[in-house]
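# Breakdown of the fold
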Amino acid sequence: MTRFNSAIVISAVITALCTSTSSKAEPATNASNDPLLKITVTGTRNEEKVLDYPGSVNVYNRGDLEKNPKTNLRDLFNEIPGVQTTEGIRSGVRGLPGVNDVNIRGMEGDRNLFVLDGIRLPDRYEYGGYYEIGRTQYVDFNFLSSIEILKGSNSSLWGPDAFGGVISYRTLIPSDLLDDDETYAFEVSSNLSTQSETNSALKPASNNNITVANQITSKLSSILSYTYEKSGATLTRAKSEYQNTADNYGNNYFANIQYDFNDNSKINLVFEDINRSSNVSDTAQNLPSSYSKLDSYTDTSRTRISAEYNYDDIENTNKLMSNANIIAYYQTSRVDDDYTRDTVSRGSLVSEYRDHNLTTTGYGANAKLNSNFDLYNTDHFLTWGLDYSYLDASRTRTINNLINGTSSQEKETPDSTVTRLGVYLEDSFSIGNFDIVGAVRYDNYKLDATNDDIYIASSNGRTDFAGDYDHSSVTPKLSLSYNLNDDSLLYATYSRGFRPGAWYEINTSYDNLYCANVAACGVTTESNPDLKPETSNNYEIGFKADSDNYDITIAGYYNSYNDFIESLVDIGERDSRGYAISKTVNVGTATIYGAELAARYFFGDNKTGFNVRNSLSYSVGDDNEDDTPLLSVIPFTNWFSVGYIDPEDIWSIQLGMRYVSSPRVDNSYDNYVPDSYTTFDAISYWNVTNNLIATLGVYNILNSRYYNFQDVQSTSATDDNITRFSQPQRSVAASFTWKF
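### Thoughts on the overall build of the protein chain
- Along the protein chain, the regular secondary structure elements total 7 helices and 39 strands.
- Taking 2.2 N^0.38 as the reference for a compact globule, 740 residues should give roughly 27 Å; the C-alpha atoms of the protein chain span a radius of gyration of 26 Å, in line with that estimate.
- Buried positions account for 57% of the 740 residues belonging to the protein chain.
- Counting contacts in the protein chain only where the partners sit at least 6 residues apart, residues at least 24 apart contribute 67% of the total.

Have a look at this one:
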C-alpha cells in the first residue's frame, strides 16, 4: 500500500473512531443537517427516517438542493459512496453529450430504475454499447423537492428495473413554497458556473428559475415554475484543439394544482414539460478519419400529465385502509439525435443529414395502500398495491442525401409495446428490539414487437426478427433490524432481483458493410426472443448510529448474478451472405461485493461548528465465466472533508478531498486505463436573510487533469485526443435563491 493510500485509509479510520468513541448524547434535533433524520419514502414506499430503514439510502431534500451550487447529478452525487455517473461526449457519430447514466454499486443502464413521483421515466435506449440515450436529461432540478438514491436491489417493491437500485425524484407541491398563513410566494433562483462558456455576453453557464405559489382558496392552491438554461461545451483539461464548441439550451415548465378535500385527503394535478437542445461542432482534430465536417443537433423533450390522490389517516389503527396513494399518468418523450456529416466512403463523397429519433408514449397507474392491524398482540403495518404501465416505443433513422436530394429510412429495432404489471405486499412489525420487514412482489413483463416495411427492409427481408416476449417472476425481500437504542441499529437484508431483456436488447436487425470485403467487414445483428431474464441474490449487513455530535453508516454487501445479459456479442456464426452475426445473449454469472462508510463528527452541539467527514466505497466485481474483473464496478473512492457550520446555521464552508484509485482490469484489457487521482473542492453557503440564500463553490482547485473510468471505457489507449475525455478544469459556481 502506498503512503497516499495509507493516508486515505487512516483518515477514514480516524473519522469512524471519532464517531464510535464519542460519549452518548441526546438525539440530534437539527434534522435539516442530519442525513439519518431525513425522511425516505423509497425504501419501503412509506415515510420513515433514513436511520430506521434497514438498508442503504441517501436523501437530498429541498434545503440540500438550495445549499449546493450544482445542477447535474455528477456534482451532486460526488459524496455518496458506491455511486458514480457516466457522462457522454460526442465522439464521431457516437454518444450524446451530458450526464446520461448512474452507476450504483456496479449496476448501470436498465439495471437501475428512475422514477418521478412514483412514475417510471421513459425507457432508455442502447445499441450494443455503441450508442445510448439515458434518462437523466428528462428531469429539471428546480422542480424537485427531493432526490433519493436507494442502493441495492428492490425488485420486491419497485419491480424488475430496480435490479441494482432506484433513483427517485419528488416534485414540488404548493406547501413546499407556502408557509403557514401565506397566500402567495415568489421564488427566484439563478446558478452560474464557469464549467462551460456560452457564446453570449454572459459567458458562464446559467440556470435560471422563477417559481410562484398561491393559496387561491382555503382548499385550492397551486405552484407554477419555469426554468431557462444555457451552457456551452464543458471546459476540460483537453488541449485547445480538442475542445469542441457547443450551445445547450433548456426551456422547462411545471405546474401543480392541489385541492384539499379535507384534512386527510387531497388531489394534485400535475403538468410538466421538459425541452432541452444541444448543438455540437467537432473541431478538425476530433473528426473521425476521412471526415471533413460533423455537426450534431440533439433535442430532448418529455411531457407528463398526472393526477395523484392521497389519503392519510395513519394515526387510526386497526383499519383496512389507513393510507392511500393513487396516481394515473400520461407521458410522452422524444429524443432527436441528428447530425450533418461530410466524409469519404469507399472513394465517394458522402454529404448527408441524419435524423435519429426515439419516441415513446406511455400511460399507467400506481396504487399503494396501507393497513394497520393487530395480530397476536403485535402491531402490523401492511403495505400493498399494484403498478401498471404501458409503453409504445419507436426509433427510426432517416438519411437525407444532400448531394442528390434522396432520402431513406432504417430501423435497427422494431416498433415495440411494453406492458408491465406488478402486485406487491409488504408487512412490517416489531418483536422486542427487533424490527422485521418482509415483502414479496409478482411481476409480468410483456413485449409485443411489430414488423413494418422499414424494419423488414432493414432486416434484409426477413420477418422473424420481431419476436414477442412474455415473462413473469416472484421476488421476495426480508429485512431484520436490531435496535441497540433509540439512535442506533444493526440490520441484515436479503433480496431477490430480476430484470428481463429490454425491448431494444431482445429484437435487433442491422447490417453494416464498412469495406468491400464481406468476410472482413460485414457484420449483422439478429434478434433473440429466447433471452433469459437476469436474476440476483443480494445480501447486506449494516450499522447506523446518530447523536448530537456524530452520525455514521457502515454497510457491507454481497451480490450474485445469474444469466447476465450482454448486448450484441459475436456468436461465431455467419449468415448466408457471409456476414458475421451478433446477438444479445446471456453470458453467465457474476459477483460483486464491497463495503461502504459514511461518517461525520462535529465538535459543536446539534451538528454545528467545526467538523470532519468521510465517505468511502470499496467494491470488487468479477465475471465468473471468464474470471475477469467487471468493468462496471466503481474504483475505490474516498471523500474526506473538513468544514464549519455556524451554530445559527447562517453560513457554512467545507473543503473536501476526493481520491479515486485506478480501476481493476484484466491484463488483456487494451483500452485506456486512467491513473488514480486526487481532487480538491470547496463549497459554502450563506443565509443572507431569512429569504435569501447564496452559495459559492470552487471545484478542482488544483486544476488537475483526471479521468472518470466510466466515461473512457471505449477509448483506445493510443487515442491521440484522449485529453478531450478529461474531467472539467478548475471552475467556480455560484447561486442565489430569493423568496419574497
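### Focus: empty space enclosed by the protein
- Throughout the structure, instances matching the rule amount to 13 cavities of 30 Å³ or more.
- As a volume, the second largest cavity reaches approximately 960 Å³.
- Along its surface, the second largest cavity is lined by 45 residues, and P35, K38, E79, R600 and R613 are the ones closest to its centre.
- For the lining of the second largest cavity, the secondary structure elements donating two or more residues are β3 (56-61), β29 (550-562), β32 (590-602), β33 (609-623), β35 (637-645), β36 (651-660) and β37 (677-689).
- Here the lining of the second largest cavity is composed, by residue class, of 19 nonpolar, 13 polar and 13 charged.

### Focus on the environment of A367
- Assignment of secondary structure puts A367 in strand β19 (residues 348-375).
- A367 sits in the buried class, given a relative accessible area of 17%.
- Sequence-wise, A367 and W384 are 17 residues apart; in three dimensions their C-alpha atoms are separated by 8.3 Å.
- Ignoring sequence-local partners within four residues, the contact set of A367 consists of N325, I326, W384, G385, L386 and Y424.

### What about the sheet that holds β3?
- Ordered in space as β3-β10-β11-β6-β7, the 5 strands form an open sheet in which the pairing is mixed. Two strands close off the open sheet at either side, each with one partner strand: β3 and β7 (119-120).
- Of the pairings in the sheet, the one linking strand β10 (residues 144-151) to strand β11 (residues 165-171) comprises 7 bridges and is antiparallel in character. If you follow L150 over to β11, its bridge partner there is V166.

### A short note on the pairing of strand β25 (residues 488-499)
- Bridge count between strand β24 (residues 469-485) and β25: 8 bridges; the pairing is antiparallel. In the sheet register, Y482 faces β25, and the bridge partner there is L490.
- In sequence, β24 turns back onto β25 through a hairpin of 2 residues.
- Two elements, β25 and strand β28 (residues 534-546), share 12 bridges in a ladder whose sense is antiparallel. Among the inter-strand pairings, R496 is bridged to a residue of β28, identified as N537.

### A closer look at the sheet that holds strand β30 (residues 565-574)
- With mixed pairing, 4 strands are arranged side by side in an open sheet as β26-β27-β31-β30. This sheet does not close on itself; its edge strands, each paired only once, are β26 (511-513) and β30. Sheet twist, expressed as the average angle between the axes of neighbouring strands with direction ignored, equals 25°.
- Pairing between β30 and strand β31 (residues 580-586): 5 bridges, direction antiparallel. Residue V569 lies in a different strand from β31, and its bridge partner there is K583.

### Thoughts on the nonpolar core
- Formed by 40 residues in total, the largest nonpolar core has its most connected members in F77, I147 and Y169.
- Once residues lying within four places of it in the same chain are set aside, the contact partners of F77 are Y60, V83, T85, V102, I147 and I149.
- In this structure, L113, L150, L157 and W158 belong to the second largest nonpolar core, which totals 15 residues.

### Comments concerning the packing of aromatic side chains
- In total, this model carries 26 aromatic pairs according to the counting rule given.
- Taken together, a centroid distance of 5.0 Å and an interplanar angle of 80° make the contact between Y601 and F603 edge-to-face.
- Using a relative accessible area of 16% as the deciding quantity, one classes Y601 as buried.
- We note R577 situated over the ring of Y579; from NZ or CZ to the ring centre the distance is 4.0 Å.
- One residue, R724, lies across the ring of F725, its end atom 5.4 Å from the ring centre.

### Looking at the side chain of E534
- For E534, the location among the structural elements is in strand β28.
- The exposure class assigned to E534 is buried, which follows from its relative accessible area of 0%.
- Separated by 2.5 Å, the side chains of E534 and R111 make a polar contact.
- A polar contact of 2.7 Å, which involves the side chain of E534, links it to the backbone nitrogen of I565.
- In this structure E534 touches R111, F163, G497, F498, R499, N562, D563, F564 and I565, once residues within four positions along its chain are discounted.

Reading guide: rules and limits
Residues numbered from 1 in each chain as written. Predicted model: local features only at pLDDT ≥ 70, side-chain atom pairs only at ≥ 80, totals over all residues. Heavy atoms only, no water. Helix = DSSP H or I, 4+ residues; strand = E, 2+ residues; numbered from the N terminus. Rg over C-alpha atoms; globule rule 2.2 N^0.38 Å. Buried < 20%, exposed > 50% of the residue type's maximum accessible area, 1.4 Å probe, protein only. Contact = heavy atoms within 4.5 Å. 1 Å grid on protein atoms, 1.4 Å probe; cavity = no way out; pocket = protein on both sides within 12 Å on 5 of 7 lines; lining within 4 Å. Points joined across faces, edges and corners; volume = space filled by probe spheres on them. Nonpolar A, V, L, I, M, F, W, Y, C, P; charged D, E, K, R; others polar. Pairing = 2+ DSSP bridges. Axes fitted to C-alpha atoms, helices over the stretch in contact; angles between N-to-C directions. Core = buried A, V, L, I, M, F, W, Y, C linked by side-chain atoms within 4.5 Å. Phe/Tyr/Trp six-rings, centres within 6.5 Å; stacked < 30°, edge-to-face > 60°. Lys NZ or Arg CZ within 6 Å of the ring centre and 35° of its normal. Polar contact = N/O pair within 3.5 Å; in protein donor to acceptor, adjacent residues only side chain to side chain.

Just distances and angles here, no functional claims.
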